[in-house]
Amino acid sequence: RLPTTMSIKASPRASTFQKGIARLVAQKTAGSTALTEVAHQSPTRLLPLRSSLVNQAGAALCAVGGYGGGMVQGDSNKISVDVKPNARLGVISQGANRVYKSSNEDIPSTHTEMNASVRRNGFLVMAPDPCALFSESRYKQDIRIELEDETSSLVWIDWFSAGRLSQGERWKFHDFTSSTNLYRRSTSDAPIIRDGLRMDSRSSLYYQWYETNAICSVFLAGPEGAEVAKNLSSWSSQVTSRYTSLEEKERGFELNPYGLSTNSKLLVGVSKIENDMYMARIAASSNEDIYRVLYSSLLPLSEKFGVPFYHGRISSSVNLHNVMNSSDAPASRPTLPSFSLTPKSIDEGLSSTSWPAFMLADSSLPTGSFAYSSGLEVAYQMGFVKGPKDVEDFVLAATQSTLQQQLGFIYQSHGLAKLSDD
């Protein structure tokens, strides 16, 4: 085996703020993957997980944690991950990343910077727990991922929750900003995926209205990522069929044959960026439902890593919100089998010309009054809008969304018009 360098600096605070640093390098050696560099500085902490199952699968597993109970205003983390050629690395977390309130606007926001590179035939799975944004918190994160070529595989999960719901905190943070740039160096020097999200107390009105308490983004690339994309697409198809049904049931639905039931407030969308590159977004009313979607979608990867991701986060095979009190609830938790998902392919049976034709022929195509009302009629039919207050929240959320989408174009057009006048 190659020598392993481990450097730990857990010195006390030199100033008011803590600046955590971590570097993790995985390299293929002797038929397996070894962590050849594990270095961290408080408050960031790396915990290599030793397991014979992981070693037999030819992979490496490491957990990211901290010495404290979370991040306070002014704290920062800078994490670097490098997956060498043919290596397989899974990165998980000890628990939710808690971000506490920021009481002073003159102090920088809590900040996390992550840089990852995946070399040829390498495979990186980033599967953390959610970032919990507490009341009055300010948090910013910047993520940069570089893939060497088409053989580099990636499953990168990034998600955050509404806060401490048990204490009445729900989307009460001051400001949240996230930026993710995904590069493939063999294709272009420009990012193939550039995803940005900014939320504040006003822009979070939509999520408050829709009863969303957790939002998750999944970035997928390479031959291994495509398998997970198919599984997420299966979830998306079943969720879509549920919400477009005229008869809406109070109970959740089960993704057969897996025995995993979910809450009704769940949305899953998958977008194909390139031939083997995808992005998915998941919104749910509970972290538990997102755990279920991620667990089942990533389960086929257990053979390559020796362990199933998020298995320890699935407390039961049914969702406590909607089925445990029902008459047909199972008496005990069934054994979750090692199953292989067989969803419909995103492109199965669709040519490049038939797909646009289906869209134009779809009865739900947004034309006429539907386009001008931003879907208010459907929201009313599905029971999301029930009174004047709901209409007010809907209009505010739709207006905010429209401004975010169109303001950039309006600003640039105004600048071009001004140049032509000059």
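All chains use their own residue numbering, which begins from 1 and follows the written sequence. Local features in this predicted model are restricted to residues of pLDDT 70 or higher, and side-chain atom pairs are both shown and tallied only at a pLDDT of 80 or more, whereas totals for entire chains, interfaces and linings draw on every residue. Values reported for side chains reflect all heavy atoms of the structure, with hydrogen atoms and water molecules removed beforehand.

Focus on the overall build of the protein
Phase 1 of the analysis: Numbering of helices and strands runs from the N terminus, with a helix taken as a DSSP run of H or I at least four residues long and a strand as a DSSP run of E at least two residues long. A tally of helices and strands in the protein yields nine helices and 18 strands.
Phase 2 of the analysis: Looking at the protein residue by residue over its 422 residues, the buried ones come to 45%.
Phase 3 of the analysis: Approximately 21,600 Å² of the protein is accessible, and the part contributed by carbon and sulfur atoms is 51%. Categorising residues by exposure relies on relative accessible area from a 1.4 Å probe, with only protein chains included: less than 20% of the type maximum marks a residue as buried, more than 50% marks it as exposed, and the intermediate range marks it as partly exposed. Accessibility throughout is a Shrake-Rupley quantity obtained with a 1.4 Å probe, and a residue counts as covered only by protein chains that appear here.

A word on the environment of methionine 71
Phase 1 of the analysis: Of note, methionine 71 is situated in the loop between strand E5 (60-66) and strand E6 (76-83).
Phase 2 of the analysis: The buried category is assigned to methionine 71, whose relative accessible area is 4%.
Phase 3 of the analysis: Here the alpha-carbon distance between methionine 71 and asparagine 97, two residues 26 residues apart in the chain, equals 7.6 Å.
Phase 4 of the analysis: Pairs of residues are marked as contacts when any of their non-hydrogen atoms sit within 4.5 Å. The contacts of methionine 71, once residues within four sequence positions are left out, are Ser76, Asn77, Asn97, Arg98, Val99, Tyr100, Thr110, His111, Thr112 and Tyr139.

Focus on the layout of surface pockets
Phase 1 of the analysis: Detection works on a 1 Å grid of protein atoms alone, calling trapped sets that fit a 1.4 Å probe cavities and calling open sets with protein on both sides within 12 Å along at least five of seven lines pockets, with lining residues defined by an atom within 4 Å of a point. Grid points are joined across faces, edges and corners, and a volume is the space filled by probe spheres set on the points. Reported here for the second largest pocket is a volume of approximately 640 Å³.
Phase 2 of the analysis: If you go around the second largest pocket, you meet 34 residues; those closest to its centre are Val64, Asn77, Ser93, Gly95 and Asn97.
Phase 3 of the analysis: Throughout this entry, Asp, Glu, Lys and Arg are counted as charged residues, while Ala, Val, Leu, Ile, Met, Phe, Trp, Tyr, Cys and Pro are counted as nonpolar. The remaining residues, Gly among them, count as polar. Of the residues assigned to the lining of the second largest pocket, the class counts are 18 nonpolar, 13 polar and three charged.

Comments concerning the confidence of the model for the protein
Phase 1 of the analysis: pLDDT measures the predictor's confidence residue by residue and takes values from 0 up to 100. Taken residue by residue, the protein gives an average pLDDT of 78. The fraction at 70 or more is 72%.
Phase 2 of the analysis: Highest mean pLDDT in the protein belongs to strand E10 (residues 123-126) (97); lowest belongs to strand E1 (residues 5-9) (46).
Phase 3 of the analysis: Ignoring residues within four places in sequence, the model shows residues 1-15, a span with pLDDT below 50, making 27 contacts including any to other chains.
Phase 4 of the analysis: Segment residues 246-259: pLDDT under 50, and 34 contacts once partners within four positions in sequence are set aside and those in other chains are kept.

Brief notes about the pattern of salt bridges
Phase 1 of the analysis: Salt bridges are defined by distance alone: a side-chain nitrogen of Lys or Arg within 4 Å of a carboxyl oxygen of Asp or Glu. Inspection of the entire model under this criterion finds 16 salt bridges.
Phase 2 of the analysis: Salt-bridge contacts for aspartate 82 lead to arginine 119; the nearest nitrogen and oxygen are separated by 3.1 Å. Of this pair, aspartate 82 sits in strand E6 while arginine 119 sits in the loop between strand E9 (110-118) and E10, placing them 37 residues apart in sequence.
Phase 3 of the analysis: For aspartate 82, a relative accessible area of 4% corresponds to the buried category.
Phase 4 of the analysis: Linking aspartate 129 and arginine 313 is a salt bridge whose minimum nitrogen-to-oxygen distance equals 2.7 Å. Of this pair, aspartate 129 sits in the loop between E10 and strand E11 (131-133) while arginine 313 sits in the loop between helix H5 (302-305) and helix H6 (354-361); the two residues are 184 residues apart in sequence, bridging distant segments of the chain.
Phase 5 of the analysis: Given a relative accessible area of 32%, arginine 313 falls into the partly exposed group.
Phase 6 of the analysis: By sharing partners, the salt bridges in this structure join Arg144, Glu146, Arg185 and Asp189 into a single network.

Points about unusual backbone geometry
Phase 1 of the analysis: Backbone torsion omega between serine 42 and proline 43 reads 10°, so that peptide bond is classified as cis.
Phase 2 of the analysis: Residue placement: proline 43 occurs in the loop between strand E3 (32-41) and strand E4 (44-48).
Phase 3 of the analysis: One non-glycine residue with positive phi stands out, namely asparagine 86, at about 70°.
Phase 4 of the analysis: Among the residues examined, asparagine 86 registers a relative accessible area of 39% and is labelled partly exposed.
Phase 5 of the analysis: Of note in the backbone geometry, tryptophan 171 takes a positive phi value of approximately 55° without being a glycine.
Phase 6 of the analysis: Mapped onto the secondary structure, tryptophan 171 falls in the loop between strand E13 (153-161) and strand E14 (175-184).

A look at empty space enclosed by the protein
Phase 1 of the analysis: Counting across every chain of the model gives one cavity of 30 Å³ or more.
Phase 2 of the analysis: Computed from the structure, the largest cavity encloses a volume of approximately 60 Å³.
Phase 3 of the analysis: For the largest cavity, the full set of lining residues is Asp158, Phe160, Ser178, Asp195, Leu197, Ile215, Cys216, Ser217 and Arg281.
Phase 4 of the analysis: If you list the elements that add at least two residues to the lining of the largest cavity, you get E13, strand E15 (193-200) and strand E16 (214-221).

A look at the nonpolar core
Phase 1 of the analysis: Within the largest apolar cluster, 37 residues are counted, with the highest numbers of intra-cluster contacts made by Ile157, Ile282 and Tyr310.
Phase 2 of the analysis: Elements supplying a minimum of two residues to this core: E10, E13, E16, helix H3 (222-243), strand E17 (266-274), strand E18 (277-284) and helix H4 (287-298). What is meant by a nonpolar core is a set of buried Ala, Val, Leu, Ile, Met, Phe, Trp, Tyr and Cys residues, joined one to another through side-chain atoms within 4.5 Å.

Side note on the pairing of E10
Phase 1 of the analysis: Because side chains alternate across E10, one face comprises the buried residues Phe123 and Val125, and the other comprises Leu124 and Met126, equally buried.
Phase 2 of the analysis: A pair of strands is considered paired only if DSSP assigns at least 2 bridges between the two. Where strand E7 (residues 88-93) lies against E10, four bridges are found, and the strand directions are parallel. Bridge assignment links valine 91 to a residue of E10, and that residue is methionine 126.
Phase 3 of the analysis: Across four bridges, the pairing between E10 and E13 is parallel. Paired with leucine 124 across the two strands is leucine 154, which belongs to E13.

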